[in-house]
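# Descriptive structure summary
One-letter residues, chain by chain:
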Amino acid sequence: MSSVPSMRVSEQEHFHLEDTSQIERSLWVLNPPNPPPLWNNLFSPLKKTVSFFSSKKQTCLGRVVSFLESLFPILTWFKNYKASKFKNDLLAGLTLASLSIPQSIGYANLAQLDPQYGLYTSVVPPLIYAVMGSSREIAIGPVAVVSLLLSSLVPKVVDPAVDPDAYRSVVFTVTLFAGIFQAAFGVFRLGFLVDFLSHAALVGFMAGAAIIIGLQQLKGLLGVTHFTNKTDVISVLESVYKSLHQQITSGEKWCPLNFVIGCSFLIFLLVARYVGRRNKKLFWLPAIAPLLSVLLSTLIVYLSKADKKGVNIIKHVKGGLNPSSVHKLQFQGQHVGQAAKIGLISAVIALTEAIAVGRSFASIKGYHLDGNKEMLAMGCMNIAGSLSSCYVATGSFSRTAVNFSAGCQTSISNIVMAVTVLLCLELFTRLLYYTPMAILASIILSALPGLIDINEACYIWKVDKYDFLACIGAFFGVLFVSVEIGLLVAVSISFAKILIQSIRPGIEILGRVPRTEAFCDVSQYPMATSTPGILVIRISSGSLCFANANFIRERILKWVTEEENELGKGRVHAVILDMSNLMNVDTSGILVLEELHKRLLSRGVQLAMVNPRWLVIYKLKVAHFVDKVGKKWVFLTVAEAVDACLSSKFPDP
C-alpha cells in the first residue's frame, strides 16, 4: 500500500519536470539575441568584399597576398601547373581558335561591325579572364545573342550605314558600361539581380533569339543588299521579300551562287556537328569544320573569280594588334544615357549566359564556381575590351563545349586561343579578302541549334506552368516584337509569379501523423488527424506583410467558422499558428495579427504561436503583441502547443 503514494509523488514530479522544461523551451523562443541591425544587412556585402583589410590573423603582407590570390585565381593554381596540363591546354586552345576565328568574324558581321572587331574581341577579353576568372573550361569571346542584342538596340541610337564611326563609338561605350555594371555586381555582391532573368525565361529568350539570328543570316545567304535594322520575324521576312522583289523588278541580276555556297557548307557543318556528337573521339571535327569551310570557300571564290559573278565577299580585313579605342568612348552628349541602358541589358544577358555555362561545366568537373568573382572578372575584361576596340564578350556555350571536349585543364587554353587569334590578325588577315559572306552566315546558322532546347521547354511545361509562361512570353516577345520587349515580358511574368505567390501564400491546416509527433498538412497527408477543438494552422510564406496579411486573416476566420459549423466537431477552443516558415512580419502584418486575436477572443478562441523566427518574435515583442496574447501561449513545437491547449480549461464565450 505504501507504494501507491510514492508512485503518485513520482508522477507529480514527472509532470512538474515536464512543465518546467516546457516553460524553459518557451523562454528560448521568447528571449533570443537581438537580430542584427538594418545597416548590417545593407552593408554586409561590402564588408565581405573588403574584409581582408581588417583581418587580425594575417600580417599586412599576408592580407595583400590573400587579396591578390582572390582577385587573380591564376596565382593560386599556377604554382602546381605541370607540363602535362599545358599539353592538354595547348591542344584545347588551338582547337578552340580554329572555331573561334570564323565564328568571331561571323558574330562581328551580325553586330554590324567590321570583321576585325570580332577578332579583337577574341584577344583581349580572354587574356584578362584567364588571370581573373575562376572557371577552367569557359571560352570567352563574342557570342550570337549579345551580337544580336547590339545590332537591334544600337542602330536605334546611331545608324551604322549613315555613320559607321559613331556607331562603333556607341558600341565601345556600351561595352564600357556593361563592364562597369558587371564589375559593380561582383564587388557589391549583387548577383541576385541577374537571377531575375530566370532559367525558364532564358530558355525562351535564347530560342527566340536563335530564330531571329537565323533569319538575319538570310541577308548573307541570299546575297540581299537592302536589309532592315529591325529584328522581329515579320519585318525580317518582309525585308527579304521586298529586296528580292525589287531586284527582280528593277532588272538587277540576283546571284544564286551565294545561296549555293552557303547551303553547301551549311550542310557540311551540320554533318560534321552530327558526326562529332555521335562519336566523341571525333570532337575535333565540328571544331575545325568552320575554319576548314572558310579556307575552302575562300579558295573556291579566288580560283573561280566568283566575286565578279555576284558573290558577296568580305574584302579588306584590317590586321595588326588591337588599336586603342579610348578616344572613341563617349562620356558626354545625347547618347550616353542610351548607351548606359543598353550596357545594363547587355551586362545582364552576358552574365546570365556566362554563369549558366560556367556552372554547368563546373558541376561536371566537381568544383564550385564563385558567381561574384565571375562577375568581377567579366566586368574587368569588358572594361579592358572597351579600351582596345572590343565589343561585349562573354562565355560561349558552343566554344566552351569544344574546349571541354578537347581536354582543357585550366584557363591557359583561353590564352593559347587569344595568342593564336592575335597571330592570325598579324599574319593572315589578307587571306580573308575573298571569303564569301554566305560562309559566315552558314557558320552562324550551324551554331544556332544549340540555342534551341525543345526538351527543356517541355520539361518546364511539365514542372511549372508559371515558368512556362515566362519561357513562352520571352520567346514570342523576341520573335514578334523586339529583343528588349522579349526580356521585359519575361521579367514581368516572373515578377507577376512572385507577386501572386506573395498575395496568395500557402496556408495549411495541420494534423498529427499517426505514431509520430509530426504535424503535417492534412491535404497532403490524409492520414493525419486533427485534434477536436483545436485548429492548427501553418503559414507557409516568407513574410506576413501588407500584401497578404488580410488574406491570411480572412482564411483563418473562415476555417474557424467552417470547423464550428461542421456537424459532430463542436466548438473551436484554440487556434495554433505554426510560424516556423515565417521569416519576417511588417507593421501591417502585426496589425492584422492583433485584429485576428481580438476577433478570436470575442468568439472565445485562444490564439497560440509556435516557433516564431528570430526577426518575427523580436518585432512582436517590440509591438507588445506577445504581452497581449500571453507569454505562456508561445511554444517551441506544435506538439507542446497542442498538449498545453488540451490541458487548459477554456471559458465559454
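Residues numbered from 1 in each chain as written. Predicted model: local features only at pLDDT ≥ 70, side-chain atom pairs only at ≥ 80, totals over all residues. Heavy atoms only, no water.

## Some words on the overall build of the chain
This is how it is decided: Strands are runs of DSSP state E lasting at least 2 residues, helices are runs of H or I lasting at least 4, and numbering of each runs from the N terminus. We compute the radius of gyration from the C-alpha atoms alone; for a globule the expected value is 2.2 Å times N to the 0.38, where N is the number of residues. Relative accessibility decides the category of a residue: with a 1.4 Å probe and only protein chains considered, values under 20% of the type maximum give buried, values over 50% give exposed, and everything between is partly exposed.
When its secondary structure is counted, the chain shows 27 helices and 10 strands. At 32 Å, the chain has a C-alpha radius of gyration far larger than the 26 Å of a compact globule built from 653 residues. Seen through its principal axes, the chain has C-alpha atoms that stretch 120 × 65 × 55 Å. Buried positions account for 49% of the 653 residues belonging to the chain.

## Looking at the side chain of T121
The cut-off we apply is this: Contacts were defined at the residue level, with two residues in contact if any of their heavy atoms lie within 4.5 Å.
As for its position among the elements, T121 is in helix 6 (residues 115-121). When neighbours within four sequence positions are excluded, T121 is seen to be in contact with P126, G141, P142, C390, Y391 and A393.

## Focus: the pattern of salt bridges
Worth spelling out the cut-off: Any Lys or Arg side-chain nitrogen found within 4 Å of a carboxyl oxygen on Asp or Glu counts as a salt bridge.
Per the stated rule, a full pass over the model turns up 15 salt bridges. When the shortest N-O distance is used, the salt bridge between K79 and E69 registers 3.0 Å. One end of the pair, K79, is in the loop between helix 4 (74-77) and helix 5 (83-110); the other, E69, is in helix 3 (residues 60-71), and 10 residues separate them in sequence. Here the residues in one salt-bridge network are R553, E554, E595 and R599, joined through shared partners.

## Remarks on the nonpolar core
Let me state the cut-off plainly: To define a nonpolar core, start from buried Ala, Val, Leu, Ile, Met, Phe, Trp, Tyr and Cys residues and group those joined through side-chain atoms within 4.5 Å.
Within the largest apolar cluster, 98 residues are counted, with the highest numbers of intra-cluster contacts made by L150, V154, F205 and I349. With 10 residues, helix 10 (residues 199-216) is the largest single contributor of residues to this core. With residues near it in sequence (within four places) discarded, I349 still touches V145, V146, L149, L197, F205 and L487. Grouped together as the second largest cluster of nonpolar side chains are 52 residues, F551, V572, M579 and L582 included.

## Re the pairing of strand 3 (residues 506-512)
The side chains of a regular strand alternate between the sheet's two faces. Here is the rule: Two strands form a pair only when DSSP identifies at least two bridges running between them.
Of all seven residues making up strand 3, five are buried, and the element is well covered by its neighbours. Two strands pair when backbone bridges link them, and strand 3 and strand 5 (residues 534-540) are joined in this way by five bridges, in the antiparallel orientation. The residue of strand 5 that forms the bridge with E508 is R538. Judged from the three bridges that link them, strand 3 and strand 4 (residues 519-521) form a sheet pairing that is antiparallel. Its bridge partner lying in strand 4, R512 is registered against F519. Between strand 3 and strand 4, which follow one another and run antiparallel, lie six residues, and R515 among them has a positive phi close to 65 degrees.

## A short note on the confidence of the model for the chain
Quick note on the threshold: Each residue carries a pLDDT score, the predictor's own confidence in it, on a scale running from 0 to 100.
Residues at a pLDDT of 70 or more form 91% of the chain, whose mean pLDDT is 87. A low-confidence stretch, residues 1-9 (pLDDT under 50), is modelled with zero contacts involving residues beyond four sequence positions or located in other chains.

## Some remarks on the packing of aromatic side chains
Selection criterion: Pairing of aromatic rings covers Phe, Tyr and the six-membered ring of Trp, with a centre-to-centre limit of 6.5 Å; geometry is then stacked below 30 degrees between planes, edge-to-face above 60, and tilted otherwise. The rule for a charge over a ring is simple: NZ of Lys or CZ of Arg within 6 Å of the ring centre, and within 35 degrees of the ring normal.
According to the stated counting rule, one finds 13 aromatic pairs in the structure shown. Look at F78 and Y81: their rings are 5.5 Å apart centre to centre, the planes differ by 15 degrees, and that puts the pair in the stacked class. In this structure F78 comes out as partly exposed when scored by relative accessible area, which is 46%. What makes Y81 buried here is its relative accessible area of 17%. Chaining the aromatic ring pairs together yields one cluster made of W77, F78 and Y81. The ring of Y367 has R136 sitting right over it, with the charged end atom 4.0 Å from the ring centre.

## Some details on the sheet that holds strand 10 (residues 634-635)
Taken together, six strands build an open sheet; the order of strands is 4-3-5-7-9-10 and the sheet is mixed. At either margin of the open sheet sits one strand with a lone partner, and together these are strand 4 and strand 10. Note: strand 9 (residues 606-610) against strand 10, two bridges, orientation parallel. Residue pairing across strands places M609 opposite V634, the latter belonging to strand 10.

## Focus: a nonpolar patch on the surface
Note the cut-off: Put simply, a patch holds well-exposed residues, over 30% relative accessible area, that have no salt bridge, with like charges counted together within 9 Å and Val, Leu, Ile, Met, Phe, Trp or Tyr side chains within 5 Å. In these tables, accessible area is a Shrake-Rupley quantity obtained with a 1.4 Å probe, and a residue counts as shielded only by the protein chains included in the view.
Together, I234, F476, F480, V481, I485 and L488 make up a nonpolar patch on the protein surface, roughly 530 Å² of accessible area in all. When residues of the nonpolar patch are traced back to their parent elements, those giving at least two are helix 21 (465-480) and helix 22 (483-503). You can see I234 is positioned in helix 12 (residues 233-249). What makes I234 exposed here is its relative accessible area of 52%.

## Quick notes on the environment of L431
Mapping L431 onto the fold places it in the loop between helix 18 (412-427) and helix 19 (437-447). Classification of L431 by relative accessible area gives exposed; the value is 58%. A C-alpha to C-alpha distance of 9.3 Å links L431 and L299, two positions 132 residues apart in sequence.

## Remarks on unusual backbone geometry
Trans peptide bonds make up most of the peptide bonds, and negative phi angles are found at most residues other than glycine. Of note in the backbone geometry, K305 takes a positive phi value of approximately 50 degrees without being a glycine. Position of K305 relative to the elements: it lies in the loop between helix 14 (284-304) and helix 15 (336-365). Judged by relative accessible area, K305 falls into the partly exposed class, the value being 48%. Even without being glycine, K315 reaches a positive phi, approximately 70 degrees. By the element assignment, K315 lies in the loop between helix 14 and helix 15. Classification of K315 as partly exposed rests on a relative accessible area of 47%.

## Observations regarding helix 22
Put simply, the rule reads: Expected span, for any helix, means 1.5 Å times one less than how many residues it has. Working note: the arc is built from the helix axis to C-beta atom directions.
With 21 residues, helix 22 should reach 30 Å at 1.5 Å per residue; the first-to-last C-alpha distance of 30 Å fits that figure. Among the residues making up helix 22, those that are buried are V483, G486, L487, A490, S494 and K497. Buried residues of helix 22, seen end-on, are gathered within an arc of 105 degrees and therefore sit on one face of the element. The inward-facing, buried residues of helix 22 abut helix 8 (144-153), helix 10, helix 15 and helix 21.

## As for the packing of helix 8 against helix 10
The condition is simple: Here an angle of 0 to 180 degrees is reported between the N-to-C directions of two axes, which are lines fitted to C-alpha atoms, with helices fitted over the stretch in contact. When describing relative orientation, an angle under 35 degrees is termed roughly parallel and one over 145 degrees roughly antiparallel, while 65 to 115 degrees is termed roughly perpendicular and anything else oblique. For any helix crossing, the convention is left-handed if the near helix is rotated counterclockwise from the far helix by under a right angle, and right-handed if that rotation is clockwise. Note on residue categories: nonpolar means Ala, Val, Leu, Ile, Met, Phe, Trp, Tyr, Cys or Pro, charged means Asp, Glu, Lys or Arg, and polar means any other residue, Gly included.
It is at 10 Å that the axes of helix 8 and helix 10 come closest, and there the two elements cross at 70 degrees. Judged by the angle between their axes, helix 8 and helix 10 are roughly perpendicular. Here helix 8 and helix 10 pass one another in a crossing that is left-handed. In this structure, helix 8 contributes A144, V145 and L148 to the contact, and helix 10 contributes F205, M206, A209, I212, I213 and Q216. Its residues placed into classes, the contact of helix 8 with helix 10 shows eight nonpolar, one polar and no charged.

## Thoughts on the pairing of strand 9
Most of strand 9 is tucked away, with five of its five residues classed as buried. The two faces of strand 9 match: Q606, A608 and V610 on one face and L607 and M609 on the other face are all buried. Bridge count for strand 7 (residues 574-578) against strand 9 is five bridges, and the pairing is parallel. Pairing of V575 across the sheet is with L607, part of strand 9.

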